[in-house]
Each structure stands twice: as C-alpha cells, then as structure tokens.
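# Structure at a glance
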Amino acid sequence: MFITKKLFSVFIILTCLLITPSQSQNRNCYYFEWTINFYDGVQGSPIDVHVKSKDDDLGHHTITYDHGWPFGFCEQFFDRTLFWGHFTLGSKFVSFNVFDREIVNIIGRNISANNMVHWLLKQDGYYLSPEFKPYDDPAWMFRGHWQ
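Rules and cut-offs
- Residues numbered from 1 in each chain as written.
- Predicted model: local features only at pLDDT ≥ 70, side-chain atom pairs only at ≥ 80, totals over all residues.
- Heavy atoms only, no water.
- 1 Å grid on protein atoms, 1.4 Å probe; cavity = no way out; pocket = protein on both sides within 12 Å on 5 of 7 lines; lining within 4 Å.
- Points joined across faces, edges and corners; volume = space filled by probe spheres on them.
- Helix = DSSP H or I, 4+ residues; strand = E, 2+ residues; numbered from the N terminus.
- Nonpolar A, V, L, I, M, F, W, Y, C, P; charged D, E, K, R; others polar.
- Core = buried A, V, L, I, M, F, W, Y, C linked by side-chain atoms within 4.5 Å.
- Buried < 20%, exposed > 50% of the residue type's maximum accessible area, 1.4 Å probe, protein only.
- Contact = heavy atoms within 4.5 Å.
- pLDDT = per-residue confidence, 0-100.

## So, the layout of surface pockets
- Size it by volume and the second largest pocket reaches roughly 240 Å³.
- Looking at the second largest pocket, the residues that line it are Ser53, Lys54, Asp55, Asp56, Phe73, Cys74, Gln76, Arg80, Thr81, Leu82, Phe83 and Trp84.
- Residue assignment for the lining of the second largest pocket shows that the elements contributing at least two residues are strand S4 (68-74) and strand S5 (83-89).
- Grouping the constituent residues of the lining of the second largest pocket by class yields 5 nonpolar, 3 polar and 4 charged.

Listed below in structure tokens is the structure:
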C-alpha cells in the first residue's frame, strides 16, 4: 500500500511538471517551444519553401537571398513532432524532414527558452545549425544535396 501511494505521488508530481506551460511570449507550450528558420543563401534565385506536418500545411513561402522565413510550434510529448519541407530552386528540388527526433538529437533542447533550428539553403545543398551564423561559416552542418 505504501509503495502504491508513493508511486501515485510521483505520478501526480510528474504530471504537474509536464502540464505546466513554458513561459513563452507567443505560445503556451506544455512541452518544448521551437522556432524553425529557413534562409536563402543563393544570390539572385528565390527559393520556394513548403512545410507540412501531419496536421498542418503551412503553405508556400518564397524566400530571397539574405532573407528567410520562420515558423514556430510547440513540440508534442514523446518526440512525436514531425515537420517536413519541399524546396524548389529553379529546376532543382529537395524534400527532407526539417524537424524530427534526429534534428532534436543534433540541436539539443533548452527547457527554459525557445529552441531554434536554422536551415540554410545554398547552391550545393542544405545545411543545419543550432544558431544563426554567417552563410560562409564552416560550422553549418551539411545535410544533403539538391536533386
């Protein structure tokens, strides 16, 4: 009986911690808050960005050199959040997951702040970073080529 009461108390405490929203200026997230940023690193060529999840279609957005497009969301429990994007640069295109468990493992999470993911689309492919950097910074992680 004592163990059952103790387990129940632990369950109640953990539930309260998980249900308490983060202190966000824009959203009341019950888990982690994220902002995903896309940047066009190709001079003179706009890039079409189309991002979706199982529940949301964020529409088409055109980004131009040295400009970007951000979107934010609250992560679901148990690493179930998935967003993927379709990108077009002239006759080239590529599709990839812009947020999933693998990206979280690379970027890491900050429990007390808005978490950021930065994607840079360049002539040779797409790059990932946990923080914004100049486009020519070698710290951008190459993730793949255009098709």
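## So, the nonpolar core
- In terms of nonpolar packing, the biggest core is built from 28 residues, with Phe38, Ile47, Phe87, Val117 and Trp119 touching the most fellow members.
- Within the residue set of this core, elements represented by two or more residues are strand S1 (33-40), strand S2 (47-53), S4, S5, strand S6 (92-99), helix H2 (101-107), strand S7 (115-122) and strand S8 (125-129).
- Residue contributions to this core peak at 4 residues, all from S6.
- Once residues lying within four places of it in the same chain are set aside, the contact partners of Phe38 are Val49, Val51, Ile63, His67, Gly68, Trp69, Phe71, Phe87, Val98 and Trp119.
- Membership of the second largest hydrophobic core comes to 5 residues, among which are Leu120, Tyr127, Tyr135 and Trp140.

## Some points on the confidence of the model for the protein chain
- Confidence in the prediction of the protein chain, expressed as mean pLDDT, is 84, and 80% of residues score 70 or more.
- Between residues 10-25, whose pLDDT stays under 50, and residues either more than four places distant or in other chains, the model counts 14 contacts.

## Re unusual backbone geometry
- Positioned with a positive phi, Asp66 is a non-glycine residue whose angle comes to about 70°.
- You can see Asp66 is positioned in the loop between strand S3 (57-63) and S4.

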